[in-house]
Number of protein chains: 2
Amino acid sequence: MELHILEHRLRVATVKRSDLLPFIGSLIKLALLHETSKSKFFSFTHTSRDFTIILDEEGFKALPDQAEKMGMVIQSSAWLVLEATAGNDDAGMTTVTRNIIVPLADRGLSIFCLSTCQTDYVLVREEDLPSVTQCLAPQFCVFREIEGNSEPVTIDRSQNGVHEAEAKRAIMYPLHFPTNNFLVTSLQPDMIPKITSSLLQVLFYPETCDPIETETSSQKEQFVSYSLIDDRISLVLDVDLLDRFPDNCICVDSAKERWRMVNTGVQNTGFEECGIVAQIAEPLASENIPIFYLSTFLTDHTLVPETEWNRTLTVLSHREECQDQDDGVIVEPNISTSVS
Amino acid sequence: MELHILEHRLRVATVKRSDLLPFIGSLIKLALLHETSKSKFFSFTHTSRDFTIILDEEGFKALPDQAEKMGMVIQSSAWLVLEATAGNDDAGMTTVTRNIIVPLADRGLSIFCLSTCQTDYVLVREEDLPSVTQCLAPQFCVFREIEGNSEPVTIDRSQNGVHEAEAKRAIMYPLHFPTNNFLVTSLQPDMIPKITSSLLQVLFYPETCDPIETETSSQKEQFVSYSLIDDRISLVLDVDLLDRFPDNCICVDSAKERWRMVNTGVQNTGFEECGIVAQIAEPLASENIPIFYLSTFLTDHTLVPETEWNRTLTVLSHREECQDQDDGVIVEPNISTSVS
């Protein structure tokens, strides 16, 4: 298998819903007028609490000058993107879990995970790259993309495993299981002009789509995610939002596009934590349950096909039993596990 | 004829092109997602220099909290809207000029003029309203719209004409005649979702539409205007921008939609000036040349049908001769004519 360190150099930011307004102009241009922008990697995920934005350097330049004064919190590290391939294909999230996510968690390296309809990206801090490549070298041929070419990375294997003793998995976070169904779909960029008005509302003006609060809705998760990476678009949205789109513009050809969600934590799971992705991805991968994983600034979201939902609950309930703690208790991240 | 003082209470603001980014989110919602907003009066005009925004109180609330710190200049007065009707019809700009614009100019009252495809609005300062109604009472039955009803306004005619001696017309500004052709068209609100992507670019991301600078383009005026007032949309744009829109979405059925432009002044014509509209509108009205008039914060723009262009130039050249000054000289507004 090959591991490619892509050319993108990313920043990860969050904005509270109440602070989004001054940023919408920049985000719309990046998301919906991409042919006018030089950005190649853009991801935008919102929940009822916050908006997580992942931008490459060109996208970052498109933000207002005073972004932080206007309420944006920008994570201090630059993040690099790992993509695993098997032959010419995407390796799949199960392989990514076993061969990237679990080894990095065991090594105590913090990651940010972003599935798309085409592939699964693992983001690592730029400063962690030497440790990351050393950790993953046993499983992969490692290449770095430089100006469109894949250049092999030489790794000093003599250091391999030195830090293994430091690894300590993140605390087990309580899981939450929203009741709504999600659609995970890809879009052709030339479809955007036909659905710009719908995307505007669903992505950037969620208040125009909010359902009336009911007892049922309170168990739902407000969640929309949109990524536009190298001209390929992935969209995750509540199936109830499909009626905001013109007919036949969003592909909904079978039940296999319907997904359920598992949320990890109900508060900031911490950038310094490691093993957060692994604690969900590992048990599901061990049962070959496909997942679509989206890290955000505050919470991690795992999507599972509805057809696998019962198996998912069974697998995760065993994990919950092992966890030996009250389901409703929120556990503070253990800062002593931080990677410094 | 009837003069209606409408219920809208407006604010007039300007943003430099370089400062627009943090406001785009609010403006897009007001302009393109109007069914999600309570605003009833929104107008947005941009030139290469600035963006002029006219908002009612609901629209004003939609701006970011720190609008002025982010670079928006908001004119201090509230403005009220006058609309003249003859029977059930719009009175027409020629009538509006003779019976509103010229009398108010003679009385020394400053106005802001906004033509739409349906009607022509004259905006006056709220504090000037007693003087305005007194001045216009001889020509009109005056009504004030209150909660959807037209209530007659009683005017103390004994005071009429008291200030007439104070009136002094604004200095004559040099005129400029850009070489481009404009389209003036109305749009149905239900058309917006089909052309949202095009409108986004043309209205809010003009840098994505800028032509390559050539000797010819330097004599053109970058100008787009969009108003959404009581669910009726008017759009003015350079005919060269039509190729940004999907086919058959913008009505271009005949040459009568093609207009040429006269600009008054090349700098801030001043909110304290009066008679700026009149100095163009009066001579053209006297020749029954139809006009579409748009005041902006910095400059005033008069559109004339292309079929009337030669007559327009003849009429305005007489005005220029009377003015007895070099065409290229920019004359500072004479602040002594201010209305205080």
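The structure displayed is predicted, hence computed values, not measured ones.

Parameters at a glance
Residues numbered from 1 in each chain as written. Chains lettered and ligands numbered in written order. Predicted model: local features only at pLDDT ≥ 70, side-chain atom pairs only at ≥ 80, totals over all residues. Heavy atoms only, no water. Contact = heavy atoms within 4.5 Å. Salt bridge = Lys/Arg side-chain N within 4 Å of Asp/Glu carboxyl O. Polar contact = N/O pair within 3.5 Å; in protein donor to acceptor, adjacent residues only side chain to side chain. Helix = DSSP H or I, 4+ residues; strand = E, 2+ residues; numbered from the N terminus. Buried < 20%, exposed > 50% of the residue type's maximum accessible area, 1.4 Å probe, protein only. Axes fitted to C-alpha atoms, helices over the stretch in contact; angles between N-to-C directions. Parallel < 35°, antiparallel > 145°, perpendicular 65-115°, else oblique. Left-handed = near helix turned anticlockwise from the far one by under 90°. Nonpolar A, V, L, I, M, F, W, Y, C, P; charged D, E, K, R; others polar. Pairing = 2+ DSSP bridges.

A. Spotlight on the interface of chain B and chain A. Taken together, the 22 residues of chain B in the interface contact 22 residues of chain A. Between chain B and chain A we count two salt bridges in total. Between Lys29(A) and Glu207(B) there is a salt bridge whose closest N-O contact spans 2.8 Å. At the junction of chain B and chain A, the tally comes to four residue pairs in polar contact (both at pLDDT 80 or more). Of all the secondary-structure elements, those providing two or more residues to the side of chain B that touches chain A are helix 1 (24–32) and helix 5 (192–204) of chain B.

B. Expanded view of the environment of Phe297(B). Residues and elements named next belong to chain B. Along the polypeptide, Phe297 turns up in the loop between strand 16 (292–295) and strand 17 (300–305). A relative accessible area of 8% means that Phe297 is categorised as buried. The spatial distance from the C-alpha of Phe297 to the C-alpha of Ile53 is 8.7 Å, given a sequence separation of 244 residues.

C. How the structure looks around the packing of helix 1 of chain B against helix 5 of chain B. All names here are of chain B. Closest axis-to-axis distance for the helix 1/helix 5 pair is 11 Å, and the angle between their directions is 140 degrees. Our classification of the angle between helix 1 and helix 5 gives oblique. In terms of crossing hand, the pair formed by helix 1 and helix 5 is right-handed. Within the contact between the two elements, helix 1 uses Ile24, Leu27, Ile28, Ala31 and Leu32 and helix 5 uses Ile192, Thr196, Leu199, Leu200, Leu203 and Phe204.

D. Inspection of the packing of helix 3 (residues 93–106) of chain A against helix 6 (residues 276–286) of chain A at higher detail. Residues and elements named next belong to chain A. With their axes 9 Å apart at the nearest point, helix 3 and helix 6 run at an angle of 140 degrees to one another. With respect to helix 6, the element helix 3 is oriented oblique. As for the relative orientation of helix 3 and helix 6, their crossing is left-handed in sense. On helix 6, the residues touching Thr94, Thr97, Arg98, Ile101, Val102 and Ala105 of helix 3 are Val277, Ala278, Ala281, Glu282, Ala285 and Ser286. The residue inventory of the contact of helix 3 with helix 6, partitioned by class, reads seven nonpolar, three polar and two charged.

E. Geometry of the pairing of strand 3 (residues 50–56) of chain A. Residue and element names in this part refer to chain A. Counting buried positions along strand 3 yields seven of seven residues, so the element is predominantly enclosed. Side chains Asp50, Thr52, Ile54 and Asp56 project from strand 3 onto one buried face, and the interleaved Phe51, Ile53 and Leu55 project onto a second face that is buried too. By the bridge criterion, seven bridges tie strand 1 (residues 2–16) to strand 3 in an arrangement that is antiparallel. Bridging across to strand 3, Leu10 finds its partner in Asp56. As judged from the five bridges shared by strand 2 (residues 41–47) and strand 3, these two strands associate in the antiparallel manner. Within strand 3, the position partnered with Thr45 by the bridge is Thr52. Between strand 2 and strand 3, which pair antiparallel and follow one another directly, the connecting turn spans two residues.

Everything listed is a geometric property; what it means functionally is a separate question.
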